[in-house]
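Residue-level structure breakdown
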Amino acid sequence: TVSGKPIVWADVITAMRVDGKKTTIAAFVAVFLLLLLFERSAVALGLILLPLGLGVAYTVGLMALLGMKVNFFNMLALPTIIGMGVDDGVHIYHRYKELGPGSARYVVRSTGMAVVLTSLTTSVGFGSLLAANLFGLNSLGLLSIIAITMALLSTLLVLPAAMQWIDNRRLSKERSTA
């Protein structure tokens, strides 16, 4: 009983809580520092991280609505979600930066389709876990699909609106100073 399953599982759960938080925070800090290194602009950093932040917030809200809890298996999805959430934002932002102000709508129609495809293929991969006979794997698949979808929707709906809002503000300032 001293080294039986309950003791081992108690250690696993404790490790999950501590190490899972550390891994998730480390993934976010690494992504943040890399973006800061490559972008060197607070506006760019904010725009790229916007879909990730909203995607995480929407995911947490849906988890609460659906009664989903973070468990040993779906904890593994959290660092992956950070990567996917930033990936979509990076692609949309860089295409927008390449085409310039006023291109947000075109970027969503063109690059947005590629972002949808990458998110869908990743979701299908994680979705295959829904067919598993183990609840933990089902939970990992479901949480991943929810999070990727929420980040995708934030990327396609909110990010272009934010880029357009910034364009409008710049245009308004240019008109008022001219």
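None of the values given here were measured: they were computed from a predicted structure.

**Observations regarding the packing of aromatic side chains**
For the structure shown, the criterion picks out two aromatic pairs. Residues Tyr93 and Tyr96 carry aromatic rings whose centres are separated by 6.4 Å and whose planes lie at 45° to one another, so their mutual orientation is tilted. Placement of the pair is Tyr93 and Tyr96 together in helix α3 (residues 77-99), with a separation of three residues, close to one helical turn. Judged by relative accessible area, Tyr96 falls into the buried class, the value being 7%.

**Quick word on the environment of Val12**
Relative to the helices and strands, Val12 resides in helix α1 (residues 5-39). In the structure, Val12 is positioned 141 residues away from Leu153 in sequence and 34 Å away in space, judged by C-alpha atoms.

**Description of the side chain of Asn138**
Along the chain, Asn138 falls in helix α5 (residues 135-177). At a separation of 3.0 Å, a polar atom in the side chain of Asn138 contacts the main-chain carbonyl oxygen of Leu129. Among residues more than four places away in sequence, those in contact with Asn138 are Leu129, Leu130, Ala131 and Ala132.

**A short note on the packing of helix α2 (residues 42-66) against α3**
Contact geometry for α2 and α3: axes closest at 7 Å, N-to-C directions at 130°. In terms of axis orientation, α2 runs oblique to α3. The interaxial crossing formed by α2 with α3 has right-handed handedness. Here Ala44, Leu47, Ile48, Leu49, Pro51 and Leu52 of α2 come into contact with α3, specifically with Ile81, Ile82, Gly85, Val86, Gly89, Val90 and Tyr93. Partitioning the contact of α2 with α3 into residue classes produces eleven nonpolar, two polar and no charged.

**Description of α3**
Relative to the 33 Å expected for 23 residues at 1.5 Å per residue, α3 spans 34 Å between its end C-alpha atoms, a close match to the ideal helical length. All buried positions along α3 are accounted for by Ala77, Ile81, Ile82, Met84, Gly85, Val86, Asp88, Gly89, Ile92, Tyr93 and Tyr96. Buried-residue contacts for α3 involve α1, α2, α4 (104-127) and α5. At the exit of α3 stands Gly100, carrying a positive phi of roughly 95°.

**Re the side chain of Thr155**
Along the chain, the position of Thr155 falls in helix α5. For Thr155, the side chain forms a polar contact with the main-chain oxygen of Ala151, separated by 2.8 Å. Among all residues touching Thr155, those that are not within four sequence positions of it are Pro51, Asp88, Gly89, Ile92, Val115 and Pro160.

**Quick look at the pattern of salt bridges**
Side chains that differ in charge, positive against negative, can pair when their charged atoms come close. Here the structure, examined in full by the defined rule, presents one salt bridge. In this structure, Arg95 and Glu98 form a salt bridge, with 2.4 Å as the shortest nitrogen-oxygen distance. Within this pair, Arg95 and its partner Glu98 are both found in helix α3, separated by three residues, close to a single helical turn. Relative accessible area serves as the criterion here: at 23%, Arg95 is assigned to the partly exposed category. Residue class for Glu98 comes out exposed when judged on its relative accessible area of 59%.

**A short note on a nonpolar patch on the surface**
Residues Ile25, Phe28, Val29, Leu33 and Leu36 make up a contiguous nonpolar surface patch of roughly 430 Å² in combined accessible area. Within the fold, Val29 resides in helix α1. Note on Val29: relative accessible area 38%, which makes it partly exposed.

Scoring rules and cut-offs
Residues numbered from 1 in each chain as written. Predicted model: local features only at pLDDT ≥ 70, side-chain atom pairs only at ≥ 80, totals over all residues. Heavy atoms only, no water. Phe/Tyr/Trp six-rings, centres within 6.5 Å; stacked < 30°, edge-to-face > 60°. Helix = DSSP H or I, 4+ residues; strand = E, 2+ residues; numbered from the N terminus. Buried < 20%, exposed > 50% of the residue type's maximum accessible area, 1.4 Å probe, protein only. Polar contact = N/O pair within 3.5 Å; in protein donor to acceptor, adjacent residues only side chain to side chain. Contact = heavy atoms within 4.5 Å. Axes fitted to C-alpha atoms, helices over the stretch in contact; angles between N-to-C directions. Parallel < 35°, antiparallel > 145°, perpendicular 65-115°, else oblique. Left-handed = near helix turned anticlockwise from the far one by under 90°. Nonpolar A, V, L, I, M, F, W, Y, C, P; charged D, E, K, R; others polar. Expected span 1.5 Å × (residues − 1). Salt bridge = Lys/Arg side-chain N within 4 Å of Asp/Glu carboxyl O. Patch = residues over 30% accessible without salt bridge, like charges linked within 9 Å, V, L, I, M, F, W, Y side chains within 5 Å. Areas by Shrake-Rupley, 256 points an atom, 1.4 Å probe, with all protein chains shown as cover.

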